[in-house]
Amino acid sequence: MAESSVLSTHVLNVAQGVPAEGVAVELWRLRPSEDEQLVVRTETGADGRAGDPLLPPARFEPGRYELRFGVGDYFRRRGLAADPPFLDVVPVRIFLADGRGHYHVPLLCSPWSYTTYRGS
C-alpha cells in the first residue's frame, strides 16, 4: 500500500541563525491552461514552521505547485532589508506525486540569498 502524501515547510533565518517567525507563506496550485489557484495562505510560527501541513493527506492532490515566501517583508520588519528589499517574494516550484510520503520544503534565507531542498 502506498504511503499517504503530505506537504509541510519551515523557514530559517541564516543571517541571524534563528527560526524565521512571521514569514507569510502561500501555496499555489499550477495547472496547464488554467488560472493559478491559491490553496492556502499561512504564516510561520516561533519555530519557523507553518503550524499545520500545507497539504494534509485528506486534501493532497498530485501536481505542480508553487510556494511563495514573503521574506522581503520579514527582513524589513527585522531591520535587515534595504528598501526596496533585494529579495521580496521567493517562489519555489515543486511537483508532488501521490504515495511518496512526506514532502517537506525548508527555506534557508538571508536578505540576499536563499536555498531549499526536499527535507524529511
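For the structure, see preceding data.
This structure is a prediction, so every number in the text was calculated from the model and none was measured.

### As for the overall build of the protein
Reasoning step 1: The helix and strand inventory of the protein stands at one helix and eight strands.
Reasoning step 2: Counted from the first residue to the last, the protein has its helices and strands arranged as β-β-β-β-β-α-β-β-β.
Reasoning step 3: Taking 14 Å as the expected radius of gyration for a compact globule of 120 residues, we find that the protein reaches 15 Å, a close match to that expectation.
Reasoning step 4: Considered along the principal axes of its C-alpha atoms, the protein spans approximately 50 × 30 × 20 Å.
Reasoning step 5: Counting every position in the protein, which comprises 120 residues, the buried fraction comes to 43%.
Reasoning step 6: Considering only intrachain contacts with a sequence separation of at least 6, the fraction spanning at least 24 residues in the protein is 63%.
Reasoning step 7: When the accessible area of the protein is evaluated, it comes to approximately 6700 Å², of which 50% is carbon and sulfur surface.

### Quick word on unusual backbone geometry
Reasoning step 1: Looking along the chain, the bond that leaves Asp83 and enters Pro84 is cis, with omega of 5°.
Reasoning step 2: Take Pro84: it is sitting in the loop between helix H1 (71–77) and strand S6 (89–96).
Reasoning step 3: Positive phi, close to 60°, is recorded for Ser33, a residue that is not glycine.
Reasoning step 4: As for its position among the elements, Ser33 is in the loop between strand S3 (24–30) and strand S4 (37–43).
Reasoning step 5: For Ser33, a relative accessible area of 81% gives the class exposed.

### Points about the pattern of salt bridges
Pairs may arise between side chains of opposite charge once their charged atoms sit close together.
Reasoning step 1: Considering all chains together, one arrives at eight salt bridges under this definition.
Reasoning step 2: For the salt bridge of Arg31 with Glu34, the shortest nitrogen-to-oxygen distance reads 3.8 Å.
Reasoning step 3: Since its relative accessible area comes to 28%, Arg31 is described here as partly exposed.
Reasoning step 4: Across the pair Arg93 and Glu66 runs a salt bridge whose closest N-O atoms are separated by 2.6 Å. On the criterion of sequence distance, the pair formed by Arg93 in strand S6 and Glu66 in strand S5 (residues 63–70) is long-range, its members being 27 residues apart.
Reasoning step 5: In the salt-bridge network here, residues are joined through shared partners; they are Glu36, Glu66, Arg68 and Arg93.

About the criteria used
Residues numbered from 1 in each chain as written. Predicted model: local features only at pLDDT ≥ 70, side-chain atom pairs only at ≥ 80, totals over all residues. Heavy atoms only, no water. Helix = DSSP H or I, 4+ residues; strand = E, 2+ residues; numbered from the N terminus. Rg over C-alpha atoms; globule rule 2.2 N^0.38 Å. Buried < 20%, exposed > 50% of the residue type's maximum accessible area, 1.4 Å probe, protein only. Contact = heavy atoms within 4.5 Å. Areas by Shrake-Rupley, 256 points an atom, 1.4 Å probe, with all protein chains shown as cover. Salt bridge = Lys/Arg side-chain N within 4 Å of Asp/Glu carboxyl O.

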